[in-house]
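For reference, the chains in residue letters:
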Amino acid sequence: MGNKGNIMDSKSKIDLSILGIHQNENIKRNLPMEMLIEETIMNGEGVIGMEGAVMVDTGTYTGRSPNDKYFVDEPSSSNNLWWGPVNRKVSENIFNELYEKVIQYYNGNTNSSTYIFDGFAGADIDYRLNVRIIAKKAWQTHFCNNMFIRPRQQELEGFLPDFTIINASDVQNDNFVDHGLNSETFILFHLDKKIAIIGGTEYGGEMKKGIFSVLHYILPLQGVLSMHCSANVDKNGGNTALFFGLSGTGKTTLSTDPNRPLIGDDEHGWSENGIFNFEGGCYAKVIRLNPEEEPGIYNAIRNGALLENVVFDKKNGTVDYDDDSKTENTRVSYPIHFI
């Protein structure tokens, strides 16, 4: 589920002062896909490739960094989290120190654009989350526009985020040893403040999976099962099939069936209302992509799609999907209505 709405709200004045970010004329909210593509190219963040798809490299990290992801140990959530190697603890003091560093980075770079995506996670309006993603890279906002549920114009009026991610991928934590953290990279969640900060990694999947983690925390407390699976239905909208599996095991491929309408390819909730998609797009692996075996994914790679870390011919933009010299985790994101 999800709509095709792609909002042009760049003239809206968004007050980010509550976050500590100074207001300036270069804050751009919910740019349409075409403008995000234009700014990605203009900023030197990526290039146009096959069928008009944008191609970017995500730098050092070509996948998520789970060992750098932490949750603040604070009273409102501490007793609800299963602490361990997946949910790692970080102190409020360390979060505040790195948060201040992120805000200083934003306030010190007001001459460059700050991009905002306001939208939703969760197609069931009874359980959906208002999400705000703030980034300094146009392509990261393009990724969010593809992957989250795009709002209609009237839904942006008076929009208030339930959770905010501030992406400062250029910022690194030079004091990570003193902090007892894993590396200079950090993905920190403060569930009480409803804020996450990202530094040291450009990989777009951190934003997608970050909101998934938040929904994993919130929805079970509301009696809703959160699931890492793809889902489709029969032509009458019934007989729902769920496909569970780790990343890269075929969830997207199996659910993209020409005879069964797609609900979504990765993240879903199961409430009393039924099965609902968390997302507004798909994030498919494209290593060794074959148009005959996976025509749905192949044909979705067109203007508006975003390819990550693929190897391509610099003369004509042709992608070699069999080349894994950058990573096995080559990916494409696209709005769900591309299927």
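See the structure printed just above.
Residues numbered from 1 in each chain as written. Predicted model: local features only at pLDDT ≥ 70, side-chain atom pairs only at ≥ 80, totals over all residues. Heavy atoms only, no water.

Novice: Let's hear about the sheet that holds strand S4 (residues 69–72): which residues, and what values?
Specialist: The mixed open sheet is built from eight strands, whose spatial order is S1-S6-S7-S8-S10-S9-S4-S5. Strands at the two margins of the open sheet, each flanked by one partner only, are strand S1 (27–29) and strand S5 (88–90). Between one strand axis and the next, the sheet turns by 25 degrees as a mean value, whatever way the strands run. Pairing geometry for strand S6 (residues 114–121) and strand S7 (residues 129–135), over seven bridges, is antiparallel. Directly across from Ala 121, in S7, lies its bridge partner Leu 129. Helix-sheet contacts for helix H3 (residues 138–147) involve S6, S7 and strand S8 (163–168), and the interaxial angle to S6 is about 15 degrees. (Pairing = 2+ DSSP bridges. Helix = DSSP H or I, 4+ residues; strand = E, 2+ residues; numbered from the N terminus. Axes fitted to C-alpha atoms, helices over the stretch in contact; angles between N-to-C directions. Contact = heavy atoms within 4.5 Å.)

Novice: Give a description of the packing of aromatic side chains that names residues and reports values.
Specialist: In the structure shown here, the tally under the stated rule is twelve aromatic pairs. For the pair Phe 71 and Phe 189, a centre-to-centre distance of 5.1 Å together with 25 degrees between the ring planes defines the contact as stacked. Within this pair, whereas Phe 71 is found in strand S4, its partner Phe 189 is found in strand S9 (residues 186–190), the two being separated by 118 residues in sequence. The burial state of Phe 71 is the same as that of Phe 189; both residues are buried. Their ring planes at 80 degrees and their centres at 5.1 Å tell us that Phe 143 and Tyr 283 sit as a pair that is edge-to-face. (Phe/Tyr/Trp six-rings, centres within 6.5 Å; stacked < 30°, edge-to-face > 60°. Buried < 20%, exposed > 50% of the residue type's maximum accessible area, 1.4 Å probe, protein only.)

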